[in-house]
Structures are given as structure tokens and as C-alpha cells.
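# What the coordinates show
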Amino acid sequence: MNAEQTILLTGVFAASSCALVGSFLVLRKMAMMADAISHAILPGLVLAYFLANGPNLVFGVLGASLAGLTTVFLVEGLQRTGRVKSDAAIGIVFPALFALGTFMISRYFANVHLDADAVLFGEIAFAPFDRLIVAGVDYGSQPMIVLGAITVLNLALILFFYKELKVATFDPGLAAAIGFSPVMLHYGLMTAVSMTTVGAFSAVGAILVVALMIVPAATAYLLTDRLALMIGLSVGSGVVSAVSGYYLAVLIDVSISGMMTVTAGALFGLAALFSPSHGLVARAIRRSKLRERFAADLLVMHLSHHRTAAETFDSLAAELNWSPSWLERVVNRSTQEDTIQVESEAVRLTDNGRLAADRIAASLEPAR
Amino acid sequence: MLDLLHDVIFDYTLRNVALGSALLGIVGGVLGSFAVLRRQGLLGDALAHTALPGICLAFMLTGLRTPLVLMAGAAITGWIGTLIIIKVVQDTRISEDSALGIVLSVFFGIGIVLLTYIQQSNNANQAGLDRYLFGQAATLVQSHVITMAVLGGAALLCVALLFKEFKLLSFDPEFAASIGFPVGKLNVLLTSLIVIAVVIGLQTVGVVLMAAMLVGPAAAARQWTNRLSVMLGLAALFGAAAGVSGAMISVTASRLPTGPMVILCMTAIVIVSLLFAPERGLVWDAVRQRSSRRRILQGGPG
Amino acid sequence: MDSEEALDRLPVAVRDLTVAYRDTPVLWDVDVSMPEGKMIAIVGPNGAGKSTLIKSILNLVPLTSGNVTIYGKTYKAQRSMVGYVPQRGSVDWDFPTTTLDVVQMGMYGKLGWIRRPGKRERDVALECLEKVGMASYANRQISQLSGGQQQRVFLARALAQDAQIYFMDEPFAGVDATTERAIVDIMRELRESGKTLVVVHHNLETVPEYFDWVILLNVRVIASGPVEEVFTREAIQKAYGGRMTFLPDSVGEPSGPLRRAESLGD
């Protein structure tokens, strides 16, 4: 396997493993907790490095997972004291832990390969040179293998606990009632997030891990209402971001992980604008149609409500507080629908319009 | 200790560092208080990260490293990021939390791309943009401090003049609208002031940890008082104390980046406040609980 | 239709008001007039648009159609005649401020930009706290207040607005009996001095006892007028739809065994 393939595959695994847990983070509104975890595992990594006397995979994963869970505990504990609100709790805990980590690095490890910049935005280009060597045998690129393993693990977790995760995400009360512990699932998910972060760390760095977890999942959330499809789409858009980001980065010679984030952001932007179900454009069109429909109904109701024979354009515009041009548009529409007729500046209901008014009135009662 | 004091007064670098970090602490503390009370603590985090591409773009467009230019760039992308967050939350099904995470990480990614682009384009003048990641107080010179003082002073003046308006806006925006406050405009103004607080701190604390300089002083100050005006004053004091002590440690001990040191000092203040502040301190809670338990035990069952 | 002159004497006139949230109608072609010097209840099931009606009168939500006038002019022009008591749950009671300070906020509108409250405002605020029986709590941090006390503080803030018309959004929600009694007494006092009170109310049982005038609302106005005339079994049933299974036998009699609409709605 050549260097390029290794980098690409590492990126694909990073994107997939992140997107798998990310879907649940987005649905459970815990995106910023993931941001906090991704920063806060730094002291755990440093401590592991210190204890193992150098880079050590097992120590690293353990230390970082522990630090990740500590973050969750601290944030939730701080919130529970009632002294600070949830956003402030996150804003206090993770900078403190991250600062502690960078302090430890610059104080004790200033000369070794563990610098804060790499922690922040990683360097996936080094992936081919970081080998997994056990008992003298070279098994290949360590980040690639680790991320591959984490992807498989996350996938297995989701397949195995799919039903439980789904219920706990959409209806925690029900989950507790039928015997799944939402708390256990919560901490399980947080553990998976921490481990995934550690794995993706060396490839894409702390902040971009957050990007790969949140952005593709949010993109998918704009495209579908079904959980399984959402997970699939978020892995898909994550992988597309990773691959296209890689080639773009090589093309203009910039940070690969940075470019992966930018492409993920671009995909999100496209989905936010053009998603047929939840995009801004579709929504705006739907809204303006609805608005006209609504206004036409309102006009009919208004005319039927005030049983005076007919109303002039001017009096209608004044009573409804509508601009003349909007009133004209609504009147035209209603004339076409044959609910009103206009005779020498006077607007009156047709028989059809009176029926329509009764129908609308009936649909309003009882509310909801 | 006295030596250090002597140096702060007479040493050019140290004086700038001390003044600069005090300023960022004061402005961050005061405006952070409003951010925290309005539950926008994490908006500060997003704002700080969205500043990075702005810094890079400002440099790429002008070729200058003047703080005012870079701060302007940071403020512009900060505002764009904020507007995107507001739009996404209002008009799509994405929650606020995810919107913050998306904008924060994507803008930061753009910043990293631009930063590496500037680096490989081999501009001799580029050195030092990456100090905006973690902050480097030692690079503060007098002109920076003057820029910070003017911007920060203007922001503080706004808060002083509009104190009652901002207070009501933060406590009960609906009532504020009912008595005729232009709530929308006040919101924009207050957010802009928070943007200023963030960009002032970027060079010293860096984009990654700047959010903590908004949240920390405010959260600590809140524990000591029940009055907003006192809270603003205390937050300014705590922010300045953390800023100055952190910067001093970073400058006097070589190789320690400023941002993390400032945040560690801030965290210490937060912890002490949470534990020992009169009335709200958690330690007193524990003491009260223990003594009431003892009373029950001594009083016997029932 | 009212003549222009009559409109000038009406505290609140709502004409052809439609309000929509995300294009579903919350209020639909509402016409309602509120007479001067009365205690007026706005009653209806959950989601009937009761709070929205108040908010659209106060210009807090955009109108799809229609007009609102306060004594014949727009809300903007008559703002100083209006006092507002929002729902207690709409603010964070852990905000670092004191009871007295919250009451002073009622005078911010009249103070104008930049000027701070001074001795005069302090005296007025203390007076208002006295009226609601909270004077001894003036310097308390607001998070130390009970629900009923919080409601009284909000009422005191509205009193400090020194208005002609008061709008109150569920002032009795979650308060103790003593507070409810105290609030009603103050409302009656205000009415005696010619003020108009418009109250979103949840408890059908107390409508005849507390109020002179009632607006039964369910997206549209079902009935509006003096309590003894319009607060009938039929109208209530119409407003609450089929969900009002336990209908009072004695609507109009204050002691009637009415149930809380709240627990029956939903």
C-alpha cells in the first residue's frame, strides 16, 4: 500500500468512525460536549505518555478515554450544583483541562514529538510513517489500523445496541421504563466518543475531530427523518469530505485535515440550502405558497365574518392592514378559485366562497 | 516579587504584557458576564474560533500584521459566523448546539487551510500568525496595547452608558420590548461588544482558549455577589488578575505559551470561588448539611 | 362598527387580527373590544392563543393581518399607558439582581436612554413593593423568593409602570392561596381607580368571582362580553370543544363546583 492510499484510507476510517457516533451526538444535542471532550483528552494523553515512558497505544487510549469521561462527569456535576448553567460549565471545564494538557507538554515534553499544534489540527500526512510494530513485525500504518479498528468497533456497537440507542435518543423516559438504562447508554456513548477522538486525534486533530463528528451528521439530519438512513448518509458524506478534501489539499498544497473540514462544511452548506425536505430554499418556497394559501383563506373568512354586502379594496387593505399589492395578489388568487368576485371595486363572496368559509371555520374547531 | 514589580513598571516588554493582559481580562470579564447571563457562553467559543480565518484573510489581503487590521478581519468573520449560527438555528431543524459545533469547527478548518496556504506561499512576513492559536503575550508591543485600550475602552463605555438597558435585555427581553426598547438593535450591539472582547484577547490568549476568558471570570464573580454591577466589577478584577499573572508566568518562564497559563490561573480563581464564596460556596453547603445531619442525629429519631 | 369617537374611548380595540406561527393560525380574524374600568379575563383551552392575543396587542409578535388600537391610537404611541406582567416562568430567577431592582425596571421606559434610576424611582419602587406586601424583601436576591413572591414582584413592577391598562399573563399560575387573594385585592383596587385589567386566566371556577368581563377564545373569539351574559355552559363547551367532559352545572354562580379547565384540556 503506498503512502497516498494509506492517507486516504486513514481519512476514510476517521470520517466513518466519527460519523457513526456523531449521528447520536447531533440527535441528542450534545455536539458541544463532543467539542469539550476532544479538547479535554489532552491531559489524559500526556499522562499516558508520561506513565508509559513514550507513545503507547494502549496507555494512550485508556488515558484519553478516562479524561473524556472525567470531562463529562465534571461538566454534569458542575451543572448539578446549580451554581453555573450548562454552557458555562462546558466553557469552564474543557479550557481548563486543555490548558493543563498544553502546560504539561510545554513544561515536561518540550523536546518530544507531542506538540500542541499537532494536537489541535493533527497531521494526517504523517500517517504512513507511523508504523504499528509489535514484536519486531511491522503491521502497517498505526493510525490507519487503529481508526479501522475503531470504525469496526463503533459499527458493531451501533448494530448491537441499535434499538436501545434509538429508544434512548428519542424517548429516554420510555427507555428507562422498559429497562434500558439511559445513563448507561449515555456513558457508553461518551466512552465511544472519547475513544474515537483519541484514534482520530493524530490524524485530524482535536477541533477537526469535532468537525467530522458533527458536520456530516448534521448534513444527514437535513436530508432524512429515518435514523438508519441518517447514519448511512452521515458516513457517506463524511467519506466524501475526506476523499475530496484530500485531493483538494494536495492540489493547492494546504493542510489535509483542514481541507477535509472545509469540504464537510461545503456539503453541509449545500444540504442546508437545497435539501428537498429541510433545506432553506425548499422551505422558503413552501412558506410563500402557504402564506398565500393562508391569506386567501383569511380573506374569505373575513368577508364571511363581516356580513356587510361588499367591501372596497381600500377598506379591506385598511382593515386587514395589508399592502395594496399583497391584497391584489390574494384577491386575484381567490377570484381564480371562484371564492370571491370583484364588481366595480367591490369585493364580495360567491356561493362557492361561502361554502369555503364554512369549511375553514369547521376545520378550526376544536383547535388542535 | 519586588523585582518583578520593578520590572513590570520599568521594563518595556513586561509593562506591555501586563497592561495588555489586564485589559483583555477586564473587557472579557465585563462582556463575558452578559454572555454567561444570557446563556451564550459557548457563543464566545465559536466566535473565537471563527476569528482565525479572518486573521488569515486580513493578512492575505493587506500583507500587514498590524493588530488593528487582523482584529478587523477577526471581527468580520466572527460576525459572519454568528449570523450563520442564528440563521441555521432559526430556519433549519439543526439545534443551537450543533450549529455552534459546525460553525466553530468548519471556520477553524478554513483558518487552518489558509494558515498552511500562507506558510507554503513563503511570505517572509508570515511568521507569527500561528501565535494566534495559543497566544503569545511576549509579542505585545506598545502600539498593540494602545489599540486594545481604545477598543476595550469604547466597549466598556458602551456598557457603562447602557448598563440599565443591557441589564433588562438580559433579564427579561420581552418586557424590555413591551416598554419600547429596540431589543433587536440592542442585541446586535451587545453581541458586537462581545466580538470586540474576543478579538482583544486573541493575540494574548489565542483563539482556542479565549472563550474561557469570557466564561471563567463571570462564573467566578457570580458566586460572590447577587448584584449585576458588583458582578461586572468582580469579573473585571478576576479577569485582569488571571490575565496578568498568567502572562507574567508565561513571559518569565521560557517556552510556556500564554493562553494556557492564563486559563490555568483563571481556573484556580473559579475553583476557589465555587468552593468558598460566602453563601453560594459548595463547602458551606457541605458544612450546613453535615451540621443539620448532626442535629437530627442528636435529636434522636423522629 | 364603532365610530371613531367610540374607539378613542376604548382601552383596547382589536380588529380583524390574525396571527400565525410558522403559517399555522394561532389567532384567526379576531375582533374584540375591551371596555374601560373592567377586569377582563381571557379564557380558553391550551393553544387557544390567549398569550398570543396579549402579545399581539403589546406589539411583541408580528401580525398577519389586522389592527390593534389603545385608546384609538397605535400601541407605539400609547406605550406609556400600558403595564405588562409576563409569565413568571419566562425569566431566569437566578439573575443577579434584587427585588427592588426588578421593580425599578418598570420605570425604565419613562426614564429614557442612559439615565439611571435615582432616589425618586427608588421611593416609587418601595411604595409598589409595599402595596404587594413585599417591602421587607426589597433587598433580597430574587432567587430566594417563592413562586408567589416572584409573582408579586412582577405585579409590583407593573404597578411601577403607573399605567392605565394592565396586561397580565397567568398571574395566578403556581401561586399560593394567600398570594392569589392579595393579587385579586390589588386588581380590584386598580379597577376602582378606573384602570382596565386584561388577564389571561386558567381557572374557570374563579372567572365569575373575579372578573366582570370575559373573552372566550379558541383561535377565534367564541364569545366576549359581561361574565353574567356570555360565560354560559354552551359558550364554554364551544370554546373547549369536546374535551370539556365535566361541565359545571352552575356556571355564573361563584360557588359552583367547577373544575380546573387546565386539567381537563390537553
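If you're wondering where the values come from, they're calculated on a predicted model, not measured in any experiment. Counting from 1, residues in each chain are numbered in the order their sequence is written. Here every chain gets a letter starting at A, and every ligand a number starting at 1, in the order they are written. This being a predicted model, a pLDDT of at least 70 is required before a residue's local features are given, and a value of 80 or more before pairs of side-chain atoms are given or counted; all residues contribute to the totals for chains, interfaces and linings. In computing side-chain properties, one takes all heavy atoms of the structure into account and sets aside hydrogens as well as water.

## Thoughts on the overall build of chain A
Counting its secondary structure elements, chain A contains 16 helices and five strands. Atoms counted for the radius of gyration: C-alpha only. Globule rule: 2.2 Å times residue count to the power 0.38. Relative to its length of 368 residues, chain A is extended, with a C-alpha radius of gyration of 29 Å against a globular reference of 21 Å. Reported as C-alpha extents along the three principal axes, the dimensions of chain A are approximately 95 × 50 × 40 Å. Only protein chains enter the accessibility calculation, which uses a 1.4 Å probe; a residue is then buried when its area is under 20% of its type maximum, exposed when over 50%, and partly exposed in between. Evaluated residue by residue, chain A yields a buried proportion of 56% over its 368 residues. Long-range contacts, defined here as pairs at least 24 residues apart, represent 67% of the contacts in chain A between residues at least 6 apart. Method for areas: the Shrake-Rupley scheme with a 1.4 Å probe, in which residue coverage is limited to the protein chains shown. Per element, the accessible surface of chain A, about 16,000 Å² overall, is 65% carbon and sulfur. Just so you know, the count uses Lys and Arg for positive and Asp and Glu for negative, and it drops His and the chain ends. Charge placement uses NZ in Lys and CZ in Arg. For Asp and Glu, CG and CD serve respectively. Treating the 23 positive side-chain charges of chain A as one cloud and the 26 negative ones as another, the clouds have centres 7 Å apart. Where helices and strands are cited, they refer to DSSP runs of H or I of at least four residues and of E of at least two residues respectively, numbered from the N terminus. Two residues qualify as a contact provided that any one of their heavy atoms is within 4.5 Å of a heavy atom in the partner residue.

## Details of the side chain of T196 of chain C
Residues and elements named next belong to chain C. Among the secondary structure elements, T196 is positioned in strand β7 (residues 196–200). T196 gets classed as buried once you look at its relative accessible area, which sits at 0%. Sequence-distant contacts of T196, defined by excluding residues within four places in its chain, comprise P11, P35, E36, G37, K38, I40, Y71, Q164, I165 and Y166.

## Thoughts on a nonpolar patch on the surface
Residues and elements named next belong to chain A. Among the surface-exposed residues, L47, F50, L51, L57, V58, F59 and L62 lie close enough to one another that they form a single nonpolar patch of about 710 Å² accessible area. For the nonpolar patch, the secondary structure elements donating two or more residues are α2 (31–51) and α3 (57–80). When residues of the nonpolar patch are assigned to their parent elements, the largest contribution, four residues, is made by α3. What goes into a patch is any residue over 30% in relative accessible area without a salt bridge, connected to like charges within 9 Å or, for nonpolar side chains (Val, Leu, Ile, Met, Phe, Trp, Tyr), within 5 Å. Should a side-chain nitrogen of Lys or Arg be within 4 Å of a carboxyl oxygen of Asp or Glu, the pair is scored as a salt bridge.

## Comments concerning the interface of chain B and chain A
Counting from both sides, the interface comprises 52 residues of chain B and, opposite them, 58 residues of chain A. As a working definition, buried area equals the accessible area (1.4 Å probe) given up by two parts on being put together, with both sides summed. Among the residues chain B hides against chain A, the three largest losses belong to L42, R93 and F134 of chain B. Together they make up 14% of the total. Summed over the shared surface of chain B and chain A, the number is two salt bridges. Residues R83 of chain A and D285 of chain B are paired through a salt bridge, measuring 2.9 Å at the closest nitrogen-oxygen approach. Mapped by element, the contributors of at least two residues to the side of chain B that touches chain A are α3 (41–62), α4 (67–91), α5 (96–120), α6 (131–134), α11 (210–224), α13 (258–276) and α14 (282–298) of chain B.

## Let's talk about the interface of chain B and chain C
Listed by partner, the interface residues are 30 residues for chain B and 34 residues for chain C. For the pair chain B and chain C, the two sides together bury roughly 2,800 Å², of which 61% comes from carbon and sulfur. Remark: the boundary between chain B and chain C carries six salt bridges. Counting of polar contacts relies on pairs of N or O atoms within 3.5 Å, with two restrictions inside protein: one atom must be capable of donating a hydrogen and the other of accepting it, and residues adjacent in sequence are counted only when both atoms are side-chain atoms. Between chain B and chain C we count 14 residue pairs in polar contact (both at pLDDT 80 or more) in total. Secondary structure elements with two or more residues in the side of chain B that touches chain C: α7 (142–161), α8 (163–171), α9 (173–178) and α12 (228–252) of chain B. Ranked by the residues each element gives to the side of chain B that touches chain C, the list is headed by α8 of chain B, at seven residues. For the side of chain B that touches chain C, the class distribution of residues is 15 nonpolar, five polar and 10 charged. Basically, the charged four are Asp, Glu, Lys and Arg, the nonpolar ten are Ala, Val, Leu, Ile, Met, Phe, Trp, Tyr, Cys and Pro, and anything else, Gly included, counts as polar.

## A few points about the packing of aromatic side chains
Any aromatic ring pair is given by two values, namely how distant the centres are and how the planes are angled relative to each other. Two aromatic rings from Phe, Tyr or Trp, using only the six-membered ring of Trp, form a pair when their centres are within 6.5 Å; if the ring planes differ by under 30 degrees the pair is stacked, by over 60 it is edge-to-face, and anything between is tilted. Across all of its chains, the model carries 13 aromatic pairs over all chains by this definition. Ring centres 5.0 Å apart and planes at 80° place the aromatic pair F294 of chain A and W28 of chain C in the edge-to-face group. Within this pair, whereas F294 of chain A is found in helix α13 (residues 280–305), its partner W28 of chain C is found in strand β2 (residues 24–34), the two belonging to separate chains. Ring plane angle 70° and centroid distance 5.8 Å describe the contact between F34 of chain B and F166 of chain B, whose orientation is recorded as edge-to-face. Of this pair, F34 of chain B sits in helix α2 (residues 12–37) while F166 of chain B sits in helix α8, placing them 132 residues apart in sequence. The burial state of F34 of chain B is the same as that of F166 of chain B; both residues are buried. Of the aromatic side chains, those joined through ring pairs into one cluster are F171 of chain B together with W93, F95 and F154 of chain C. Here R157 of chain C stacks its cationic end above the ring of F154 of chain C, 4.3 Å away from the centre of that ring. Geometrically, a lysine NZ or arginine CZ counts as sitting over a ring once it is within 6 Å of the ring centre and also within 35 degrees of the ring normal.

## Let's talk about helix α1 (residues 3–27) of chain A
Because the α-helix completes a turn every 3.6 residues, residues three or four places apart line up on one side. All names here are of chain A. To estimate how far a helix should reach, multiply one less than its number of residues by 1.5 Å. Relative to the 36 Å expected for 25 residues at 1.5 Å per residue, α1 spans 36 Å between its end C-alpha atoms, a close match to the ideal helical length. Its maximal kink placed at V21, α1 deviates by approximately 30°. Among the 25 residues in α1, 20 count as buried, and that is most of the element. Of the residues trailing α1, K29 is marked for its positive phi of about 55°. Each residue is assigned a bend, namely the angle between axes fitted to the seven residues that terminate at it and the seven residues that start at it.

## A short note on the domain arrangement of chain A
Per the annotation, domain bounds derive from an automatic or database assignment of domains. Once the domains are mapped, chain A shows domain 1 (3–278) and domain 2 (281–364). Its C-alpha centre places domain 1 of chain A at a distance of 54 Å from the equivalent point of domain 2 of chain A.

## Focus on the side chain of Q223 of chain B
With respect to the helices and strands, Q223 of chain B occurs in helix α11. According to the relative accessible area criterion, Q223 of chain B is buried, its value standing at 1%. Only 3.2 Å separates the side chain of Q223 of chain B from the backbone oxygen of R83 of chain A, close enough to count as a polar contact. Apart from the residues lying within four places of it in its own chain, the contact partners of Q223 of chain B are R83 and V84 of chain A together with S273, L274, A277, P278 and R280 of chain B.

## Structural notes on the nonpolar core
Here, nonpolar core means buried Ala, Val, Leu, Ile, Met, Phe, Trp, Tyr and Cys residues that are tied together by side-chain atoms lying within 4.5 Å of each other. Ranked by internal contacts, the top residues of the largest apolar core, which has 271 residues, are L202 of chain B together with F167 of chain C. Sorting elements by how many residues they give to this core places helix α10 (residues 206–223) of chain A first, with 15 residues.

## Structural notes on the packing of helix α4 (residues 86–108) of chain A against α11 of chain B
Only C-alpha atoms enter the line fits that serve as axes; for helices the fit covers just the stretch in contact. Angles between N-to-C directions range over 0 to 180 degrees. At a minimum axis separation of 9 Å, α4 of chain A and α11 of chain B run at an interaxial angle of 115°. By the criterion of interaxial angle, the relationship of α4 of chain A to α11 of chain B is roughly perpendicular. You can see that α4 of chain A and α11 of chain B cross each other, and the crossing is left-handed. Judged by residue contacts, A88, G91, I92 and P95 of chain A of α4 of chain A engage A212, V215 and A219 of chain B from α11 of chain B. Classifying every residue of the contact of α4 of chain A with α11 of chain B gives six nonpolar, one polar and no charged. Any angle that falls under 35 degrees is termed roughly parallel, while one over 145 is termed roughly antiparallel, one within 65 to 115 roughly perpendicular, and all others oblique. Helix crossings get a hand from a simple test, with the near helix turned counterclockwise from the far one by less than a right angle marking a left-handed crossing and a clockwise turn marking a right-handed one.

## Comments concerning the sheet that holds strand β1 (residues 12–21) of chain C
When DSSP finds at least two bridges between two strands, those strands are taken to pair. Taken together, three strands build an open sheet; the order of strands is β2-β1-β4 (chain C) and the sheet is antiparallel. Each edge of the open sheet is held by one strand with a lone partner, namely β2 and β4 (65–70) of chain C. Between one strand axis and the next, the sheet turns through 20° on average, direction left out of account. Sheet analysis places β1 of chain C next to β2 of chain C, joined by seven bridges and oriented antiparallel. Bridging from a neighbouring strand, V12 of chain C pairs with M34 of chain C of β2 of chain C. On top of the sheet, helix α14 (residues 313–320) of chain A reaches β1 and β4 of chain C; it is set at about 65° to β4 of chain C, its chief contact. Strands in contact with helix α2 (residues 50–57) of chain C are β1, β2 and β4 of chain C; relative to β1 of chain C, the strand with the most contacts, it is inclined by about 115°.

## Some remarks on the pairing of strand β8 (residues 213–218) of chain C
Both faces of the sheet carry side chains from a regular strand, because those side chains alternate between them. All names here are of chain C. With six of its six residues buried, β8 lies for the most part within the structure. In the sheet, strand β3 (residues 39–43) pairs with β8 via four bridges, with the strands oriented parallel. When the sheet's bridge partners are listed, I40 is paired in β8 with W213. Pairing of β8 with strand β9 (residues 220–226), which is carried by six bridges, proceeds in the antiparallel orientation. Across the sheet, the residue bridging to L217 is V221, located in β9. Counting the residues in the hairpin turn of β8 and β9 gives one residue, including V219, whose phi is positive at 65°.

## Some details on the sheet that holds strand β4 (residues 340–343) of chain A
Residues and elements named next belong to chain A. Reading across the sheet, the three strands line up as β3-β5-β4 and stay open at both edges, with antiparallel pairing between neighbours. One side of each edge strand has no neighbouring strand; the edge strands of this open sheet are β3 (311–312) and β4. Sheet topology note: the β4/strand β5 (residues 346–349) ladder contains four bridges and is antiparallel. Each residue of the ladder has a partner; that of Q341, found in β5, is R348.

## What to know about the environment of V239 of chain A
Residue and element names in this part refer to chain A. Mapped onto the fold, V239 is located in helix α11 (residues 227–252). Among the residues examined, V239 registers a relative accessible area of 22% and is labelled partly exposed. Note: C-alpha distance between V239 and L165 (74 residues apart in sequence) is 23 Å.

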